[in-house]
Amino acid sequence: MAEEEDETGFEEDLDDGAGGADGSHGKRKRLFSKELRCMMYGFGDDQNPYTESVDILEDLVIEFVTEMTHKAMSIGRQGRVQVEDIVFLIRKDPRKFARVKDLLTMNEELKRARKAFDEANYGS
């Protein structure tokens, strides 16, 4: 009987959460769903993963980004997020640190390539 009471309470909690999700969460739910579905498929999930799985993953991503942004705003220049702040925060996680360094390097290479392309086309 105690289990039945717990299950009932859990369902009520879900119903309350769903109401809030339709309100303020409604627009946020669709921020990354397409990309997350593609990523999930790329990592071995079904081509059309369950919507609930995508929603949970999206909640985790948004929570992570929000926490990192708040932390980054509290270090360095107050109230501003700079690349160096993010690098500082992830410096102890080797995988994330390496990925960020790769992305920053690629970004610089793309900037140089665009500049060279523009100079070749418009510099004459």
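What counts as what
Residues numbered from 1 in each chain as written. Predicted model: local features only at pLDDT ≥ 70, side-chain atom pairs only at ≥ 80, totals over all residues. Heavy atoms only, no water. Helix = DSSP H or I, 4+ residues; strand = E, 2+ residues; numbered from the N terminus. Buried < 20%, exposed > 50% of the residue type's maximum accessible area, 1.4 Å probe, protein only. Contact = heavy atoms within 4.5 Å. Areas by Shrake-Rupley, 256 points an atom, 1.4 Å probe, with all protein chains shown as cover. Salt bridge = Lys/Arg side-chain N within 4 Å of Asp/Glu carboxyl O. Polar contact = N/O pair within 3.5 Å; in protein donor to acceptor, adjacent residues only side chain to side chain. Axes fitted to C-alpha atoms, helices over the stretch in contact; angles between N-to-C directions. Parallel < 35°, antiparallel > 145°, perpendicular 65-115°, else oblique. Left-handed = near helix turned anticlockwise from the far one by under 90°. pLDDT = per-residue confidence, 0-100. Phe/Tyr/Trp six-rings, centres within 6.5 Å; stacked < 30°, edge-to-face > 60°. Lys NZ or Arg CZ within 6 Å of the ring centre and 35° of its normal. Nonpolar A, V, L, I, M, F, W, Y, C, P; charged D, E, K, R; others polar.

Caption draft 1: Spotlight on the overall build of the protein. When helices and strands are tallied, the protein shows 6 helices and 0 strands. The N-to-C order of helical and strand elements in the protein reads α-α-α-α-α-α. Within the protein, the proportion of its 124 residues that are buried is 12%. In the protein, of all internal contacts separated by at least 6 residues, the share reaching a separation of at least 24 is 29%. Here the protein displays about 10400 Å² of accessible surface, and carbon together with sulfur accounts for 56% of that area.

Caption draft 2: Representation of the pattern of salt bridges in the model. One pass over the full model with this rule turns up 2 salt bridges. The partner of lysine 96 in a salt bridge is aspartate 93, and the shortest N-O contact between them spans 3.5 Å. A relative accessible area of 37% means that lysine 96 is categorised as partly exposed. With relative accessibility at 29%, the residue aspartate 93 sits in the partly exposed group. Across the pair glutamate 108 and lysine 111 runs a salt bridge whose closest N-O atoms are separated by 3.9 Å. A residue pair is termed a helical-turn pair when its members lie 3 or 4 positions apart in one helix, as glutamate 108 and lysine 111 do in helix 6 (residues 94-122) at 3 residues. By relative accessible area, which is 38% here, glutamate 108 ends up partly exposed.

Caption draft 3: Up close: helix 5 (residues 83-90). Buried residues of helix 5: Asp85, Val87 and Ile90, and no others. The elements touched by buried residues of helix 5 are helix 4 (51-74) and helix 6.

Caption draft 4: Quick look at the side chain of glutamate 58. Mapped onto the secondary structure, glutamate 58 falls in helix 4. Only 3.1 Å separates the side chain of glutamate 58 from the backbone nitrogen of leucine 31, close enough to count as a polar contact.

Caption draft 5: Region of the structure containing the packing of helix 5 against helix 6. Relative to each other, helix 5 and helix 6 sit at 155°, their axes nearing to 9 Å. Taken together, the axis directions place helix 5 and helix 6 in an arrangement best described as roughly antiparallel. Note on packing geometry: the crossing formed by helix 5 with helix 6 is left-handed. For the pair helix 5 and helix 6, the contacting residues are Val83, Val87 and Ile90 in the first and Lys96, Phe97, Val100, Lys101 and Leu104 in the second.

Caption draft 6: Layout of the confidence of the model for the protein. On average, residues of the protein carry a pLDDT of 81, and 75% of them reach 70 or more. The secondary structure element of the protein with the lowest average pLDDT is helix 1 (residues 2-23), at 41, and the one with the highest is helix 3 (residues 33-42), at 95. Considering only residues more than four positions removed or in separate chains, one finds that residues 1-27, a stretch of pLDDT under 50, has 4 contacts.

Caption draft 7: Geometry of the packing of aromatic side chains. Inspection of the entire model under this criterion finds 0 aromatic pairs. When the ring centre of phenylalanine 88 is taken as origin, the NZ or CZ atom of arginine 91, which lies over that ring, is 3.9 Å away.

Caption draft 8: Highlighting the packing of helix 3 against helix 4. Direction vectors running N to C along helix 3 and helix 4 enclose 110°, while the axes themselves pass 10 Å from each other. Judged on the interaxial angle alone, helix 4 and helix 3 are roughly perpendicular. Together, Ser33, Leu36, Arg37 and Met40 of helix 3 and Thr51, Ser53, Val54, Leu57, Glu58 and Val61 of helix 4 make up the contact between the two elements. Here the contact of helix 3 with helix 4 is composed, by residue class, of 5 nonpolar, 3 polar and 2 charged.

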